[in-house]
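Next come the chains, spelled out residue by residue.
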Amino acid sequence: MSFIQKNVKGILLCLVLAIPCWFLGQAVPVVGGPVFGILAGMLITLLLKDKTQFQSGITFLSKKVLQYAVILLGFGLNLSVILETGKQSLPIILATISTSLIIAYVLHRIMHVPGKISTLVGVGSSICGGSAIAATAPVIDADDEEVAQAISVIFFFNMLAALFFPALGALLGFSTTSGEAFGIFAGTAVNDTSSVTAAASTWDSLYQLGTQTLDKAVTVKLTRTLAIIPITLVLAFVRTKKAGSEGKKVEFKKIFPMFILYFVLASVITTIATSLGVSASVFSPLKTLSKFFIVLAMCAVGLNTNIVKLIKTGGKPLALGFCCWVGIASMSLLMQHVLGIW
């Protein structure tokens, strides 16, 4: 059976769900298309008694298209701009990422949260939400329910951050004449790009700062995104080593995240092209396609997820996400204070 015959029904089903979810995400960026996609998929799967004819296409989208989305994400990264303007925030980024990963590991041991969910929530909280989860899931062989659980946790705290962080910034006394301090805070303490944008834009609107805060926050956020590269490589190595110690055979080269190399290549292409005078807007369609692919893949993830089981098992991952969220925000504030930014 050809690829098209085997997968077309599942792909079309996901497309039918993804297109309205994409537009809903544009209309309500605090929630975002990926979350609408997961919810739509979970609701439809309750109504579909037999998914056999759709399953192959659904599986393809939930596994492979997530990787394609990460690759295309690279076209939104101009490495020279990020290295130039992001270096000020680099110590804060490293500190917040380390804090989240340590909290996730410690609570995984103490609370007995499943290892893969702990990893996904820790990485998603510390790097870039859904994109980081998309990059990490295939490396650690996480199933769709684990991905859905992690995305749900990340979404919840993203939404809270976008709504409450501007008020928190005012309470803490961030400068209202410059967007730098709050921009760095939003860029390091909020994990998903849509929520970073929402929080930073709110600050700009409140204090008539144009796009000062937004520009700073997005640059810091993109700098964080680069952490996908070492994190996925380390996780691949750890999985190989752990499998070896348990007497299982998992070859590093087989689980090596090749798509991460393509992600780097896409970033390099963007950097070289823009340095030669090509407008960054040329790559905008690819960045948009990356975001749509994530929505499409999340519809597939939702179709493979049991919503009842997700709710029943959601308590511990939610508590883990809360601790990561508070830890990251606190460390961001501490580091800004130490560096004299705030």
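Residues numbered from 1 in each chain as written. Predicted model: local features only at pLDDT ≥ 70, side-chain atom pairs only at ≥ 80, totals over all residues. Heavy atoms only, no water.

## Let's talk about the overall build of the protein
The number of helices and strands found in the protein is 17 helices and zero strands. For the protein, the spread of C-alpha atoms along the principal axes amounts to about 60 × 50 × 40 Å. The buried share of the protein, reckoned over its 342 residues, is 51%. The long-range fraction of contacts in the protein, counting pairs at least 24 apart against all pairs at least 6 apart in sequence, stands at 82%. As displayed, the protein has an accessible area near 15,400 Å², and 70% of this comes from carbon and sulfur atoms. If the 24 positive side-chain charges of the protein are averaged to one point and the 13 negative ones to another, these points end up 7 Å apart. (Helix = DSSP H or I, 4+ residues; strand = E, 2+ residues; numbered from the N terminus. Buried < 20%, exposed > 50% of the residue type's maximum accessible area, 1.4 Å probe, protein only. Contact = heavy atoms within 4.5 Å. Areas by Shrake-Rupley, 256 points an atom, 1.4 Å probe, with all protein chains shown as cover. Lys, Arg positive; Asp, Glu negative; His and termini not counted. Charge placed at Lys NZ, Arg CZ, Asp CG, Glu CD.)

## Looking at helix 1 (residues 3–27)
Taking 1.5 Å as the rise per residue, helix 1 with 25 residues should run 36 Å; its terminal C-alpha atoms sit 34 Å apart, in good agreement. At Lys9, helix 1 shows its maximal kink, close to 35°. On its buried face, helix 1 is in contact with helix 2 (33–47), helix 3 (52–73) and helix 15 (284–303). (Expected span 1.5 Å × (residues − 1). Bend = angle between axes of the 7 residues up to and from the residue.)

## Considerations on helix 7 (residues 130–140)
Most of helix 7 sits out of view: 10 of its 11 residues are buried. Within the sequence span of helix 7, burial applies to Gly130, Ser131, Ala132, Ile133, Ala134, Ala135, Thr136, Ala137, Val139 and Ile140. Downstream of helix 7 by a residue or two, Asp141 has a phi angle that is positive, lying close to 60°.

## Things to note about the nonpolar core
Ranked by size, the top nonpolar core spans 99 residues in total, and within it Ile127, Val147 and Phe165 carry the most contacts. The residues contacting Ile127, other than those within four sequence positions of it, are Ile97, Ala132, Asn191, Lys221, Arg224, Thr225, Ala227, Ile228 and Ile231. By size, the runner-up hydrophobic cluster in this structure holds five residues, among which are Leu72, Phe75, Ala273 and Phe283. (Core = buried A, V, L, I, M, F, W, Y, C linked by side-chain atoms within 4.5 Å.)

## Concerning the packing of helix 3 against helix 15
Interhelical geometry of helix 3 versus helix 15 gives an angle of 155° and a closest axis separation of 8 Å. Regarding the angle of helix 3 to helix 15, the classification is roughly antiparallel. When you trace helix 3 past helix 15, the crossing you get is left-handed. For the pair helix 3 and helix 15, the contacting residues are Ile58, Leu61, Ser62, Val65, Leu66, Tyr68, Ala69, Leu72 and Leu73 in the first and Leu286, Leu289, Ser290, Phe293, Ile294, Leu296, Ala297, Met298, Ala300, Val301 and Leu303 in the second. Here the contact of helix 3 with helix 15 is built from residues that sort into 18 nonpolar, two polar and no charged. (Axes fitted to C-alpha atoms, helices over the stretch in contact; angles between N-to-C directions. Parallel < 35°, antiparallel > 145°, perpendicular 65-115°, else oblique. Left-handed = near helix turned anticlockwise from the far one by under 90°. Nonpolar A, V, L, I, M, F, W, Y, C, P; charged D, E, K, R; others polar.)

## Some words on the packing of aromatic side chains
Per the stated rule, a full pass over the model turns up 15 aromatic pairs. A network of ring pairs unites the aromatic residues Phe156, Phe157, Phe165, Phe174, Phe182, Phe185, Trp203, Tyr207, Phe322 and Trp325 as a single cluster. (Phe/Tyr/Trp six-rings, centres within 6.5 Å; stacked < 30°, edge-to-face > 60°.)

## A look at a nonpolar patch on the surface
On the surface, a nonpolar cluster with roughly 460 Å² of combined accessible area is contributed by Met258, Leu261, Tyr262, Leu265 and Ile269. Along the polypeptide, Ile269 turns up in helix 14 (residues 258–275). Given the relative accessible area of 38%, Ile269 is considered partly exposed. (Patch = residues over 30% accessible without salt bridge, like charges linked within 9 Å, V, L, I, M, F, W, Y side chains within 5 Å. Salt bridge = Lys/Arg side-chain N within 4 Å of Asp/Glu carboxyl O.)

## Focus: the packing of helix 10 (residues 193–206) against helix 11 (residues 212–225)
Following both chains from N to C, one finds helix 10 and helix 11 inclined at 155°, their axes separated by 7 Å at the closest point. On the basis of their axis angle, the class for helix 10 and helix 11 is roughly antiparallel. The handedness of the crossing between helix 10 and helix 11 comes out as right-handed. Listed contacts from helix 11 to Thr193, Val196, Thr197, Ala200, Ser201, Trp203 and Asp204 of helix 10 are Gln212, Thr213, Leu214, Ala217, Val218 and Lys221.

## With respect to unusual backbone geometry
Unlike most non-glycine residues, Asp141 shows phi in positive territory, near 60°. In this fold, Asp141 is placed in the loop between helix 7 and helix 8 (144–172).

## Some details on the side chain of Ser62
Within the fold, Ser62 resides in helix 3. Assessed through its relative accessible area of 3%, Ser62 is described here as buried. Of note is the side chain of Ser62, whose polar atom sits 3.1 Å from the side chain of Asp144. If sequence neighbours within four positions are ignored, Ser62 has contacts with Asp144, Ala297, Ala300, Val301 and Asn304. (Polar contact = N/O pair within 3.5 Å; in protein donor to acceptor, adjacent residues only side chain to side chain.)

## Points about the confidence of the model for the protein
Of all residues in the protein, 96% attain a pLDDT of 70 or more, and the chain-wide mean is 86. Ranking the helices and strands of the protein by mean pLDDT puts helix 5 (residues 90–111) first, with 93, and helix 13 (residues 252–255) last, with 66. (pLDDT = per-residue confidence, 0-100.)

## Observations concerning the state of the cysteines
Overall, the coordinates contain zero disulfides when judged by the stated rule. Cys299 takes part in no disulfide bond, and the closest cysteine sulfur, belonging to Cys21, lies 4.5 Å away. In this structure Cys324 is a free cysteine whose sulfur lies 7.1 Å from that of Cys323, the closest cysteine sulfur available. (Disulfide = S-S within 2.5 Å.)

## Points about the environment of Ile71
Following the sequence through the fold, Ile71 ends up in helix 3. The exposure class assigned to Ile71 is buried, which follows from its relative accessible area of 17%. Taking C-alpha positions, Ile71 is 29 Å from Thr45, a pair spaced 26 residues apart along the chain. With sequence-adjacent residues up to four places away left out, Ile71 is seen in contact with Phe259, Tyr262, Phe263 and Ala266.

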